[in-house]
Amino acid sequence: MKLLIEESSWSGWDKNYKPNTINHEYEIILHKKYVVKTSKISYLKDGKHIEENKESFSVVIEEIGEDYIFIKTNIPMSLDKGASINLNTKDTIFKIELNKITKLVTPTTDCGEIYDISLR
């Protein structure tokens, strides 16, 4: 099996918003961490300007079954069931099943990230 993650975003500010889509494919390895997205940040430290990449979204394979895996995300994510985003979620463990898409969304308002996760 392979872990497939399609990364995109959404925005409530622009009716014509068209997100970029990035596809990731990973081997299924128990307890392996996959950093899916990083963000460049900058700040001042002791008067010096620092720029670095920080992990924004990652998953760890927690369990492997015959036709599923459990993943743990580094941040809480809302499981998209087609209705609304759970802004109060604390969920970080998700079951990913073979040939089914699990849609995870950042629990944010106005704009956010979407990860369609599946096994093939």
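### Brief notes about the sheet that holds strand S9 (residues 111–119)
Right, on to step 1. Strand order in the open sheet formed by five strands is S2-S1-S9-S8-S6, with antiparallel pairing between adjacent strands. Only two strands of the sheet have a single neighbouring strand rather than two, namely strand S2 (22–27) and strand S6 (78–79).
Right, on to step 2. Inspection of the sheet shows strand S1 (residues 2–11) paired to S9 by nine bridges, in the antiparallel sense. Looking at the pairing, Leu3 lines up with Leu119 of S9.

### Some thoughts on the pattern of salt bridges
Oppositely charged side chains may form a pair once their charged atoms are brought near each other.
Right, on to step 1. In total, this model carries ten salt bridges according to the counting rule given.
Right, on to step 2. With a shortest N-O distance of 3.9 Å, Lys2 and Glu25 are connected by a salt bridge. Remark: Glu25 occurs in strand S2 and Lys2 occurs in strand S1; sequence separation between them is 23 residues.
Right, on to step 3. Of the charged contacts in the structure, one is a salt bridge between Lys54 and Glu52, with a shortest N-O distance of 3.2 Å.
Right, on to step 4. For Glu52, a relative accessible area of 26% translates into the label partly exposed.
Right, on to step 5. A network of salt bridges, in which partner residues are shared, links Lys2, Glu25, Glu27 and Arg120.

### As for the packing of aromatic side chains
Right, on to step 1. Throughout the structure, instances matching the rule amount to three aromatic pairs.
Right, on to step 2. Ring centres 3.9 Å apart and planes at 15 degrees place the aromatic pair Phe57 and Tyr115 in the stacked group. Of this pair, Phe57 sits in strand S4 (residues 48–64) while Tyr115 sits in strand S9; the two residues are 58 residues apart in sequence, bridging distant segments of the chain.
Right, on to step 3. Relative accessible area serves as the criterion here: at 1%, Phe57 is assigned to the buried category.
Right, on to step 4. Relative accessible area serves as the criterion here: at 1%, Tyr115 is assigned to the buried category.
Right, on to step 5. Lying over the aromatic face of Tyr68, Lys95 brings its terminal NZ or CZ to 4.8 Å of the ring centre.

### Some details on a nonpolar patch on the surface
Right, on to step 1. A cluster of nonpolar side chains, namely Met1, Leu30, Ile64 and Leu98, defines an oily patch on the protein surface of about 310 Å² accessible area.
Right, on to step 2. Within the element layout of this structure, Leu30 appears in the loop between S2 and strand S3 (33–45).
Right, on to step 3. On the basis of relative accessible area, Leu30 is assigned to the partly exposed category, the value being 42%.

### Focus on the sheet that holds S3
Right, on to step 1. One open sheet accounts for four strands, arranged S3-S4-S5-S7; its pairing is antiparallel. The outermost strands of the open sheet, each flanked by one partner alone, are S3 and strand S7 (93–97). The average undirected angle you get between the axes of adjacent strands in this sheet is 25 degrees.
Right, on to step 2. Where S4 meets strand S5 (residues 68–73), five bridges bridge the pair, whose relative direction is antiparallel. Pairing of Ile64 across the sheet is with Ile69, part of S5.

### Points about the environment of Tyr26
Right, on to step 1. Relative to the assigned elements, Tyr26 resides in strand S2.
Right, on to step 2. Overall, Tyr26 belongs to the buried group, its relative accessible area being 14%.
Right, on to step 3. Apart from the residues within four sequence positions on either side, Tyr26 is in contact with Lys2, Leu3, Ile5, Tyr34, Val35 and Val36.
Right, on to step 4. There is a polar contact of 3.5 Å between the side chain of Tyr26 and the side chain of His24.

About the thresholds
Residues numbered from 1 in each chain as written. Predicted model: local features only at pLDDT ≥ 70, side-chain atom pairs only at ≥ 80, totals over all residues. Heavy atoms only, no water. Pairing = 2+ DSSP bridges. Helix = DSSP H or I, 4+ residues; strand = E, 2+ residues; numbered from the N terminus. Salt bridge = Lys/Arg side-chain N within 4 Å of Asp/Glu carboxyl O. Buried < 20%, exposed > 50% of the residue type's maximum accessible area, 1.4 Å probe, protein only. Phe/Tyr/Trp six-rings, centres within 6.5 Å; stacked < 30°, edge-to-face > 60°. Lys NZ or Arg CZ within 6 Å of the ring centre and 35° of its normal. Patch = residues over 30% accessible without salt bridge, like charges linked within 9 Å, V, L, I, M, F, W, Y side chains within 5 Å. Areas by Shrake-Rupley, 256 points an atom, 1.4 Å probe, with all protein chains shown as cover. Axes fitted to C-alpha atoms, helices over the stretch in contact; angles between N-to-C directions. Contact = heavy atoms within 4.5 Å. Polar contact = N/O pair within 3.5 Å; in protein donor to acceptor, adjacent residues only side chain to side chain.

Any link to function would need more than the numbers given here.
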